[in-house]
Amino acid sequence: MIAQRLGLGLLTLFVVTLIIFLGVEALPGNAAEAILGQSATPETVAALERQMGLDLPPHERYVKWLGGIFKGDFGVSIANSREISDLIGVRFANTIFLAVMAAVIAVPLALILGILAALYRNSYYDRSVNIVTLSSISFPEFFVAYILILFLAVTLGWFPSLANIGPETPFWERVYRCILPALTLTLVVVAHMMRMTRAAIINLLASPYIEMANLKGMSRSHVILRHALPNAWAPIVNVIVINLAYLIVGVVVVEVVFVYPGLGQLIVDSVRTRDIPVVQACSLIFAATYVLLNLTADILSIVTNPRLLHPR
Amino acid sequence: MTELKFLEEQMKKGWISRREFMARTAAIGAAVSVPSLLGSKAYAEPKKGGKFVVGIGHGSTTDSLDPGTYENDFSISSSFCRNNYLTEISNTGELVGELAESWEASADARTWTFKLRQGVEFHNGKTMDANDVVASFNHHRGDDSGSAAKPIVDPVSDLKADGDTVVFTLADGNADFPYLVSDYHIPVLPAQDEGVDWQSATGTGPYVLQSNEPGVRTVYKRNPNYFKSDRAHFDDIEMLTIGDVAARTNALTTGEIHLMDRCDIKTLHLLERNKNVKIEETSGTGHYSIPMRTNLEPFNDNNVRMALKYALDREALLQTILRGHGAVGNDHPISKANRYHASDLPQKSYDPDKSKFYLKEAGLTELSVDLSAADAAFGGAVDAAVLFKEHAAKAGININVIREPNDGYWSNVWNTDNRGWCMCYWSGRPTEDWMFSTAYAADAEWNDSSWKHEEFNKLLVAARSELDEAKRRDMYVEMQRLVSDEGGVMVPVFNNYIHGVSDKVAHDEQMAANWANDGQKWSERWWFA
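Residues numbered from 1 in each chain as written. Chains lettered and ligands numbered in written order. Predicted model: local features only at pLDDT ≥ 70, side-chain atom pairs only at ≥ 80, totals over all residues.

### Quick notes on the overall build of chain B
Regarding its fold elements, chain B presents 18 helices and 21 strands. Here chain B has a C-alpha radius of gyration of 23 Å; the compact-globule value for 529 residues is 24 Å, and the two agree. Principal axes of the C-alpha set define a box for chain B whose edges measure 70 × 55 × 45 Å. Here chain B holds 529 residues, and 50% of them are scored as buried. Here the analysis covers contacts within chain B between residues at least 6 apart in sequence; of these, 70% occur between residues at least 24 apart. (Helix = DSSP H or I, 4+ residues; strand = E, 2+ residues; numbered from the N terminus. Rg over C-alpha atoms; globule rule 2.2 N^0.38 Å. Buried ≥ 20, exposed ≤ 12 C-beta atoms within 10 Å, placed from the backbone. Contact = placed C-beta atoms within 7 Å.)

This is the structure:
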C-alpha cells in the first residue's frame, strides 16, 4: 500500500513540474528581459537569450531539464549560472530550521491547550484560549509580525528585528535571532491544531465507553488522557501535519518581514526573474514536502489505530 | 508643510538659490528674511575602524557578479566596494581620476589617451596594467555582448594598450568621454585568457570580498593595500538585502543596521523623531517622466503635447506623491545637478486655459487619451496618473488611466508602439550629452518618445565634440528649450534620494548626487565618528 502511495506521489510531482513550467512560460517576459530591465534592447536581449539557452523551444527545454532531474542534476540557475543544489541547499536548511523551531514550540503548546480546553470545557479558561488563538490566526501574518517587532524588538529591545543568520552562526545565536519569526508562526498555526485537539476529544466524550470509564469512578483527566486521547490521534495528527507543511512552504511573508534567508524568498525572486530551473526545483521540494508529510500522517493514523493496524 | 516652510527647507538644503527663494516667497506674498545657512554641524576628521552594516532595498538571489548585468543598487554599491574605475564622480560632483591619473583628447575629441596610475594591485596581488583596462572594456563590446553597457562602449571603434596608457579611438568626437568611463558597469578587472576574470570578484577597490550570498548578504574586509590613503575607513562591511521597507526601517531604529536606503516617504516624518537616526537627502538627476510616442496619433501634433504639458499640476504632484522631497521639472531631463542646467527657461505651470488654447490650435475641442501606468515605473506611478487625470479634466482632456502589470512593463509597455503614452523613470546621467544621446537622439535605442527633431539632433552632434565651454553651454541650453517646448517627454518632477543613517556615521559635508547614498560610494567615503 505504501508503494502505491509513493508511486502516486511521484506522479503528482511530475504533474506539478509540468503545470509550473507552463505557468511560468505563460507569464509575460523571460529571464533575459527581467535581468536587463529598463536597459533591455532587442539586440542585448537576443544575445543574453543565446547565452542562457532560452532561444530553444519550450518543450526542448523542459525535456532537457527533466532528463537532468532523473540523473539527480538540478541544473544551473539561468540568471547567475550558480549550481541550483548549492543555491537551494543552505536556504532549505534555513527553512527547515525555522519550521522545526516553530513546530517545537507550537505543537506541544497546541496539544496542551487543546487537552486542557477539553478538560475544562465551557469554562472561562476554555473561552479565553479560544478567543486568543482565534484572534491571532485571524490577523494577517505580517500584522502579527509587526506587533511582535514593535513590542519585543523596538520598545523592549529583547530580540533582534532582523533574523540575520549565516552558515557560520552558532546554534544558540541562531535560536535567539529566530525567536520572533518562530513566535509569529506559532501564533498563526496554534489555533487550528488546538481547536482540532479539543473537538476530537470532546467528540469522543459522548461515547459509551467513556461513560463506562466515568462510571468506574476514574478521574476526569485520566479519562481524557488514557481513554479519549488515543482514539483521537488520527484527526489530530492530520491537522498537525498540514500545519507542519504550511510551516515549510507557506512562510514567505514572515521571511520577508524578518529578512530570513529561506526558500520562500528564493522562489519569489526566481519567479520575478523567470528563472525557470530554480522555480521548478523549489516547487519540486515543496510538492515533495506535502506528499511525504501526508504519507506520514496516513502511516501515523494507522499505527495509532489498532483496528487499522490489524485489518481482518 | 506650508509653502513658505517648504521653500525654506528647499533653500537650506541647497536645492533652490537665494534668488529663487526670494522670488518665490515674494510671489506668495510672504515677507521673510533669508534663513541662515549657518549652524549646520561641524564635520570631523575621518576615523578608521568599525563594522558597518547596510540594509539595501534592492538585491536578488539572481544577481550575478558579471559587471554587464549590474542593474540594481545592491550590485552597484557592492561593485564600488571592491572595484575601481578609470574615473569617478567625486562627492562634490566633479570628475576626478581614479585608476586613470590623467587624460587628454585630440583636437577633434576622437582620440582619448588615459594615463594609468602605477603600482595599483588587485586583491590577488597582480599589478593592474593597461591590458586589464583593455580587457575590461572589451568585455562589454562585440556582437555577442549582452552587457547593459553596450551602448556606452559601442562608439569606441578601437582601443589599445600603449605602455602605461590606454588609447581609445571613437567613431565620432565626444568631449564627455571621460565621464562615460565612470559608468558603474565598467570596473577594471584582471584580464584572463580572452576576457576578464569577474567570477573570482577580485578588484583593486577599497574592500576585499569575504563571502557573497546573492539576495541575502555580502561581506567585505578592508583592503590593506588600497591606493587611496584617505578613503575606506571601516574595518568590515556587511551588506544585507532587506526588500521590505518596514523591515529596513525597523532594523535602523533598533540599531541593527547603520544605513538604510530608499526611506518610505509616507512615514519619513515619524522616522525623523528618532534621535539616533539622521535622515539625509541629495537631489540628483533622477526624474519621473511621461513619454508620449510622437510617431503615433494624437501625440504627433506638438499642440496636443503642449496642451498635455500645461494640464498637469506639477506642484501638486511634488507635494502629493513625493511629499515635497524633490523639485518640479520643466519637461527636459537636465537637473540642477548637471553642469549646463538652463535656469532661465520659463517654468511650465498648471494652466488649463493655456491647455485649452493649444487644444484649439490642434483643431480639437476635447481630447481623450490612454495613459499606461504601473508601479514598476516608480512607486506611486498609478496614483500620479490618476492625479494627472483629475488635473487634466479641468482643461477638457479626458485621460483614461490603464493599470498595466509590473512584470514585463519595461519590455511590453514602455518604449514600444503598443502604447502611446506611459509612466517612466530615469535615473538621469551626469552629463547632458549622455542623457540626450541615451533617450532623446533620433537613433537612440531608448528614445522612448520616438522623437526625431532635426535641429536638436544637429546640435547634439555639434555640442558633443565642442571643446569651448561657453559655446557648449549655449548649445545645451537651446537643446533643453527644444525638448521642453517641442519634445515628446513630460518631466514633471525630479525626486530626491533619501536615506537614513545612524547618528554615529559621519562623512564629508557634501555628498555626491549622481546616485543615491553619496553616489553609492558610502563604503569608501563614510566613517564612524
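### Considerations on the overall build of chain A
Scanning chain A for helices and strands turns up 15 helices and zero strands. Considering only C-alpha atoms, chain A reaches an extent of 85 × 60 × 35 Å along its principal axes. Across the 312 residues in chain A, those meeting the buried criterion constitute 38%. When contacts within chain A are restricted to residue pairs at least 6 apart in sequence, long-range pairs at least 24 apart make up 72% of them.

### Focus on the interface of chain A and chain B
Note on interface size: it is often stated as the accessible area lost on association of the parts. Listed by partner, the interface residues are 39 residues for chain A and 35 residues for chain B. Secondary-structure elements contributing two or more residues to the side of chain A that touches chain B are helix 2 (31-36), helix 3 (42-52), helix 7 (141-155), helix 12 (252-258) and helix 13 (263-272) of chain A. Tallied by class, the residues present in the side of chain A that touches chain B amount to 20 nonpolar, 16 polar and three charged. (Nonpolar A, V, L, I, M, F, W, Y, C, P; charged D, E, K, R; others polar.)

### Focus on the environment of His341 of chain B
All names here are of chain B. Within the secondary structure, His341 sits in the loop between strand 15 (326-328) and helix 11 (352-361). Of the residues examined, His341 has 18 C-beta atoms within 10 Å and is grouped as partly exposed. Separated by 136 residues in sequence, His341 and Val477 have C-alpha atoms that sit 7.0 Å apart. Ignoring any residue separated from it by four or fewer positions in sequence, one finds His341 in contact with Ile334, Ser335 and Lys336.

### Some points on the nonpolar core
Counting residues in each nonpolar core, the largest one holds 111 residues, and the members touching the most others are Ala102, Leu247, Phe258 and Cys282 of chain A. For this core, the element with the highest residue contribution is helix 5 (residues 84-119) of chain A, accounting for 14 residues. (Core = buried A, V, L, I, M, F, W, Y, C linked by C-beta atoms within 7 Å.)

### So, the environment of Thr186 of chain A
Residues and elements named next belong to chain A. Looking at where Thr186 falls in the secondary structure, it is placed in helix 9 (residues 179-205). Separated by 80 residues in the primary sequence, Thr186 and Ala106 have C-alpha atoms spaced 5.0 Å apart. Residues in contact with Thr186, not counting those within four places in the same chain, are Ala102, Ile105, Ala106 and Leu109.

### Side note on the pairing of strand 1 (residues 51-56) of chain B
All names here are of chain B. Most of strand 1 sits inside the fold, with five of its six residues counted as buried. Examined bridge by bridge, strand 1 and strand 12 (residues 236-241) share six bridges and lie parallel to one another. Residue pairing in the sheet places Lys51 in a bridge with Asp236 of strand 12. As judged from the two bridges shared by strand 1 and strand 13 (residues 259-260), these two strands associate in the parallel manner. Opposite Gly55, over in strand 13, you have Met260 as the bridge partner. (Pairing = 2+ DSSP bridges.)

### Digging into the sheet that holds strand 4 (residues 100-105) of chain B
Residue and element names in this part refer to chain B. Taking strand neighbours across the sheet as the criterion, the four strands line up as 4-5-7-6 in an open arrangement whose pairing is antiparallel. The strands lining the two open edges of the sheet, one partner per strand, are strand 4 and strand 6 (156-162). In this sheet, adjacent strand axes meet at a mean angle of 15° when their direction is disregarded. Here strand 4 runs beside strand 5 (residues 111-116); their pairing, made up of five bridges, is antiparallel. Its bridge partner being in strand 5, Trp103 is matched across the sheet by Phe114. Relative to strand 6, helix 4 (residues 130-138) is tilted by about 160°, and along the sheet it contacts strand 5, strand 6 and strand 7 (165-170). (Axes fitted to C-alpha atoms, helices over the stretch in contact; angles between N-to-C directions.)

### Some thoughts on the packing of helix 10 (residues 208-215) of chain A against helix 11 (residues 220-249) of chain A
Residue and element names in this part refer to chain A. Close contact between helix 10 and helix 11 brings their axes to 11 Å; oriented N to C, the two are set at 145°. Seen along the crossing, helix 10 lies across helix 11 with a hand that is right-handed. Here Tyr209, Ile210, Ala213 and Asn214 of helix 10 lie close against helix 11, whose contacting residues are Val223, His227 and Ala228. For the contact of helix 10 with helix 11, the class distribution of residues is five nonpolar, two polar and no charged. (Left-handed = near helix turned anticlockwise from the far one by under 90°.)

### Topic: helix 7 (residues 245-253) of chain B
Buried residues dominate helix 7 of chain B, accounting for seven of its nine residues. Those residues of helix 7 of chain B that fall on the buried side of the exposure criterion are Ala247, Arg248, Thr249, Asn250, Ala251, Leu252 and Thr253 of chain B.

### Quick look at the pairing of strand 6 of chain B
Residues and elements named next belong to chain B. Where strand 6 meets strand 7, six bridges bridge the pair, whose relative direction is antiparallel. Within strand 7, the residue paired with Val156 across the bridge is Leu170. The hairpin formed by strand 6 and strand 7 contains two residues between the paired strands, and Gly163 there has a positive phi angle of roughly 60°.

### Some words on the packing of helix 6 (residues 124-138) of chain A against helix 9 of chain A
Residue and element names in this part refer to chain A. Contact pair helix 6 / helix 9: the axes reach a minimum separation of 7 Å and the direction vectors enclose 130°. On the basis of the axis angle, helix 6 is oblique to helix 9. Like other packed secondary-structure pairs, helix 6 and helix 9 cross with a definite hand, here left-handed. The segment helix 6 lies against helix 9, with Thr133, Leu134, Ser136 and Ile137 engaging Leu187, Val188, Val190, Ala191, His192 and Met194. In terms of residue class, the contact of helix 6 with helix 9 is built from seven nonpolar, three polar and no charged. (Parallel < 35°, antiparallel > 145°, perpendicular 65-115°, else oblique.)

### Comments concerning the confidence of the model for chain A
Looking at chain A as a whole, its pLDDT mean stands at 83, while 96% of the residues score no less than 70. The weakest mean pLDDT in chain A belongs to helix 2 of chain A at 69; the strongest belongs to helix 6 of chain A at 89. (pLDDT = per-residue confidence, 0-100.)

### Considerations on helix 11 of chain B
Residue and element names in this part refer to chain B. Within helix 11 the residues assigned to the buried category are Ser355, Lys356, Tyr358 and Leu359. Here the buried residues of helix 11 occupy an arc of 160° about the axis, which is enough to place them on one side. With its phi angle positive at about 80°, Gly363 sits one or two positions after the end of helix 11. (Arc of directions from axis to C-beta.)

### Observations concerning unusual backbone geometry
Residue and element names in this part refer to chain B. In this structure, Pro298 follows Glu297 across a cis peptide bond, with omega equal to -10°. Mapped onto the elements of the fold, Pro298 is located in the loop between strand 14 (277-291) and helix 9 (302-309). Phi is positive for Asp193, close to 50°, though the residue is something other than glycine. Here Asp193 lies in the loop between strand 8 (191-192) and strand 9 (195-196). Assessed through the 7 C-beta atoms surrounding it within 10 Å, Asp193 is described here as exposed. Phi is positive for Asp518, close to 60°, though the residue is something other than glycine.

### Here's the deal with the confidence of the model for chain B
All names here are of chain B. Looking at chain B as a whole, its pLDDT mean stands at 88, while 92% of the residues score no less than 70. Across residues 30-42, where pLDDT falls below 50, the model places eleven contacts with residues more than four positions away in sequence or in other chains. Taken together, the chains of this predicted complex give a pTM of 0.82 and an interface ipTM of 0.77.

### Regarding the environment of Arg525 of chain B
Residues and elements named next belong to chain B. Here Arg525 lies in helix 18 (residues 522-525). Judged by the 23 C-beta atoms lying within 10 Å of it, Arg525 is buried. C-alpha separation for the pair Arg525 and Ala232, spaced 293 residues apart in sequence, amounts to 6.4 Å. The contact partners of Arg525, leaving out residues within four places of it in the chain, are Asn91, Arg231, His507, Asp508 and Asp518.

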